[in-house]
Amino acid sequence: MLKEEHEVAVLGVSQSQVAVLGAPQSPAPVTTTVINIRSDTAVPDHIVWSLFNTIFMNCCCLGFVAFAYSVKSRDRKMVGDITGAQSYASTAKCLNICALVLGILLSIVLIILVSTGSLMIVQAILELIQNYGGH
């Protein structure tokens, strides 16, 4: 029980006559403000995807830049700027797609180069063995 409520109960004053200490003593009605927060404004910020691209496929630092835009999108969403959050999120998505495509292409090229390079090395060793007769 609050202190004011306890004092009211002790003094026997009705609750309609009680004025909260520090509140204005005017007979005007109290106005309230209701803020409705809509839950349908879910803007994906792609932060997990950006983090993945930053750690594993950071081609030309695109993953890091996408991560920065994802964080900006999350900040805008927390402030309530849905338009700004969507803008940053779409930029992060484009950068993530570019980083992913470049990472996959570079991985494929690296696999091809390693496999053909190792085949060429094996061929060169076999040729040396044949030319020198194994000595």
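Residues numbered from 1 in each chain as written. Predicted model: local features only at pLDDT ≥ 70, side-chain atom pairs only at ≥ 80, totals over all residues. Heavy atoms only, no water.

**Student:** Please explain the packing of aromatic side chains as it appears in this structure.
**Tutor:** The geometry of an aromatic ring pair is captured by the separation of the ring centres together with the interplanar angle, meaning the angle of the planes. One pass over the full model with this rule turns up two aromatic pairs. Here the aromatic rings of phenylalanine 52 and phenylalanine 56 are separated by 5.0 Å at their centres, their planes lie at 50°, and the arrangement is tilted. On the basis of relative accessible area, phenylalanine 52 is assigned to the partly exposed category, the value being 37%. The interplanar angle of 45° and the centroid separation of 5.8 Å between the aromatic rings of tyrosine 69 and tyrosine 88 together place this pair among those described as tilted. With tyrosine 69 in helix H3 (residues 62–79) and tyrosine 88 in helix H4 (residues 82–132), this residue pair connects regions lying 19 residues apart in the sequence. (Phe/Tyr/Trp six-rings, centres within 6.5 Å; stacked < 30°, edge-to-face > 60°. Buried < 20%, exposed > 50% of the residue type's maximum accessible area, 1.4 Å probe, protein only. Helix = DSSP H or I, 4+ residues; strand = E, 2+ residues; numbered from the N terminus.)

**Student:** Just to check I follow, could you spell out the pattern of salt bridges for this structure?
**Tutor:** Side-chain pairs of opposite charge can arise where the charged atoms are in close proximity. Counting across every chain of the model gives two salt bridges. Linking aspartate 45 and arginine 74 is a salt bridge whose minimum nitrogen-to-oxygen distance equals 2.7 Å. Here arginine 74 lies in helix H3 and aspartate 45 lies in the loop between helix H1 (3–11) and helix H2 (47–55), a separation of 29 residues in the sequence. In this structure, the salt-bridge partner of arginine 76 is aspartate 81, at a minimum N-O distance of 3.5 Å. You can call arginine 76 partly exposed: its relative accessible area is 30%. (Salt bridge = Lys/Arg side-chain N within 4 Å of Asp/Glu carboxyl O.)

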